[in-house]
Amino acid sequence: MAARAVVGRGLRETGAALKHASGLEVFTRHRPKMAFLNQRPFQTNDTFIAPTASVIGNVTNWDESSVWYNAVVRADSGFPITVGFLSNVQEGAVVTTLPSAKNAAANDPLVNAGGQNWNATGEGVVAAGGEVSKVLETGFPPITHIGHYCSIGAGSVLVSCRIDDCVDVGDKCTILEGAWVEKNVILEPGSVVPPYTRIPSGGRWGGNPIKFLGELGDGAKEGIMKKAEGRGVMAKEHAVEFLPVGSTYLHLEELEREGKEAIQG
């Protein structure tokens, strides 16, 4: 297995070296938004989704929200994801729901009105007509909800959890299914919130597993909102650099002016 990986990497690097030596340039047509099983992401006119981000399926982005470079917001298991007003999902973060149902394509509830999908965990079903039965132990559907004025730090992972308004999730945090983080909370970088854990309002938490570190003062609570607002301003600055149809063609035109041959990667 190790030898196969080494050989594969060697072949890829050799191919890249040959392309570079030939002067051939590669450009990409990455799609930041993608429909899945007839469900398309929704965003407002002032939502910023970075060109290298991936927003897939039943995702709702509220006003002035932002999904940053290489972040993935993936709602492909029959349960929705919401990103609230002025909330941001930062670089490399992953927001998703519980694993996809078995045979989801064959038994799509939007197509087959009489079908049922057993969830891959074996804990529930996605019923016909889009109605979703309870899957979590709490009795609630395994949606992922991110409230208003929330910051989801770079490299964090959120799975079927609820984040209330004004929450600052530090970099590389993990929040697992059924967890509930109430409003006005700061999670220190690298924190791990186990499944079905409730984080009460108004505190600073950190560690693996998560532990209470202290109460938040008024200044810290205001800082959560200011951080989200600052990301919102930054998102607007980035958004003006990209047209709604994308800017890939600008790169292609530049290569053509330089007399270089280009292929789509």
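It should be noted that the structure appears before, not after, this text.
Because the structure is predicted, anything quoted here is derived from the model rather than measured. (Residues numbered from 1 in each chain as written. Predicted model: local features only at pLDDT ≥ 70, side-chain atom pairs only at ≥ 80, totals over all residues. Heavy atoms only, no water.)

Some points on the overall build of the chain
Put simply, the rule reads: Put simply, DSSP marks the helices as runs of H or I at least four residues long and the strands as runs of E at least two long, and each gets a number from the N terminus on. Only protein chains enter the calculation, and the probe is 1.4 Å; a residue is then buried if its accessible area is under 20% of its type maximum, exposed if over 50%, and partly exposed in between.
Within the chain, the regular secondary structure consists of three helices and 26 strands. Residue burial in the chain is summarised as follows: out of 265 residues, 38% are buried.

Some details on the pattern of salt bridges
Put simply, the test is: For salt bridges, the criterion is a side-chain nitrogen of Lys or Arg within 4 Å of an Asp or Glu carboxyl oxygen.
Counting across every chain of the model gives seven salt bridges. In this structure, the salt-bridge partner of Asp168 is Lys227, at a minimum N-O distance of 3.0 Å. Here Asp168, found in strand β18 (residues 167-169), pairs with Lys227, found in helix α2 (residues 218-239); they are 59 residues apart in sequence, far enough to count as distant. For Asp168, a relative accessible area of 12% corresponds to the buried category. As a salt-bridge pair, Arg198 and Glu182 come within 2.6 Å of each other at their nearest N and O atoms. Residue Arg198 is located in strand β23 (residues 198-199), and its partner Glu182 is located in the loop between β20 (180-181) and β21 (185-187); the two are separated by 16 residues in the primary sequence. For Arg198, a relative accessible area of 53% gives the class exposed. Accessibility expressed as a relative area gives 12% for Glu182, which makes it buried.

Topic: the sheet that holds strand β4 (residues 48-49)
Strand pairing within a sheet occurs via backbone hydrogen bonds; the two strands may be parallel or antiparallel. Inclusion rule: Two strands are counted as paired when DSSP detects at least two bridges linking them.
Strand order across the open sheet formed by eight strands is β4-β7-β10-β15-β18-β21-β24-β25, with mixed pairing between neighbours. The strands lining the two open edges of the sheet, one partner per strand, are β4 and β25 (211-215). Sheet topology note: the β18/β21 ladder contains three bridges and is parallel. Within β21, the residue paired with Val169 across the bridge is Leu187.

Regarding the environment of Ser66
Within the fold, Ser66 resides in strand β7 (residues 66-67). C-alpha separation for the pair Ser66 and Phe48, spaced 18 residues apart in sequence, amounts to 4.6 Å.

Examining the sheet that holds strand β22 (residues 192-193)
One open sheet holds the seven strands; their spatial order is β2-β5-β8-β11-β16-β19-β22, and the pairing between them is parallel. Two strands bound the open sheet, and with one partner strand each, they are β2 (33-34) and β22. Sheet analysis places strand β5 (residues 54-57) next to strand β8 (residues 72-75), joined by four bridges and oriented parallel. Looking at β8, one finds that Gly57 is bridged to Ala75.

Here we look at the pairing of strand β24 (residues 203-206)
Here β21 pairs with β24 via two bridges, running parallel. For Leu187, the partnering residue across the bridge sits in β24 and is Trp205. Across four bridges, β24 lies against β25 in antiparallel orientation. Counterpart to Trp205 in the pairing with β25 is Phe212.

Digging into the nonpolar core
Definition in use: Buried Ala, Val, Leu, Ile, Met, Phe, Trp, Tyr and Cys residues form a nonpolar core when they are joined through side-chain atoms within 4.5 Å. We call two residues in contact whenever any of their non-hydrogen atoms come within 4.5 Å of each other.
Within the largest apolar cluster, 35 residues are counted, with the highest numbers of intra-cluster contacts made by Val89, Ile146, Ile163, Ile175 and Leu187. Elements supplying a minimum of two residues to this core: β4, β8, β9 (81-83), β18 and β21. Apart from residues lying up to four places away in sequence, Ile175 is in contact with Val157, Leu158, Val159, Cys161, Ile163, Val169, Val181, Leu187 and Val193. Core analysis: the next-biggest nonpolar cluster, separate from the first, contains seven residues, Cys166, Ile186, Ile224 and Ala228 among them.

Some thoughts on unusual backbone geometry
For the peptide bond that leads from Asn208 to Pro209, omega is 0°, which places it in the cis range. Position of Pro209 relative to the elements: it lies in the loop between β24 and β25. Its identity as a non-glycine residue notwithstanding, Asn38 has a phi of 70°, on the positive side. As for its position among the elements, Asn38 is in the loop between β2 and β3 (42-43). A relative accessible area of 59% places Asn38 in the exposed class. A positive phi angle, close to 55°, is found at Cys166, a residue other than glycine. Tracing the backbone through its elements, the reader meets Cys166 in the loop between β17 (162-163) and β18.

Limitation: the analysis is restricted to geometry and does not speak to function.
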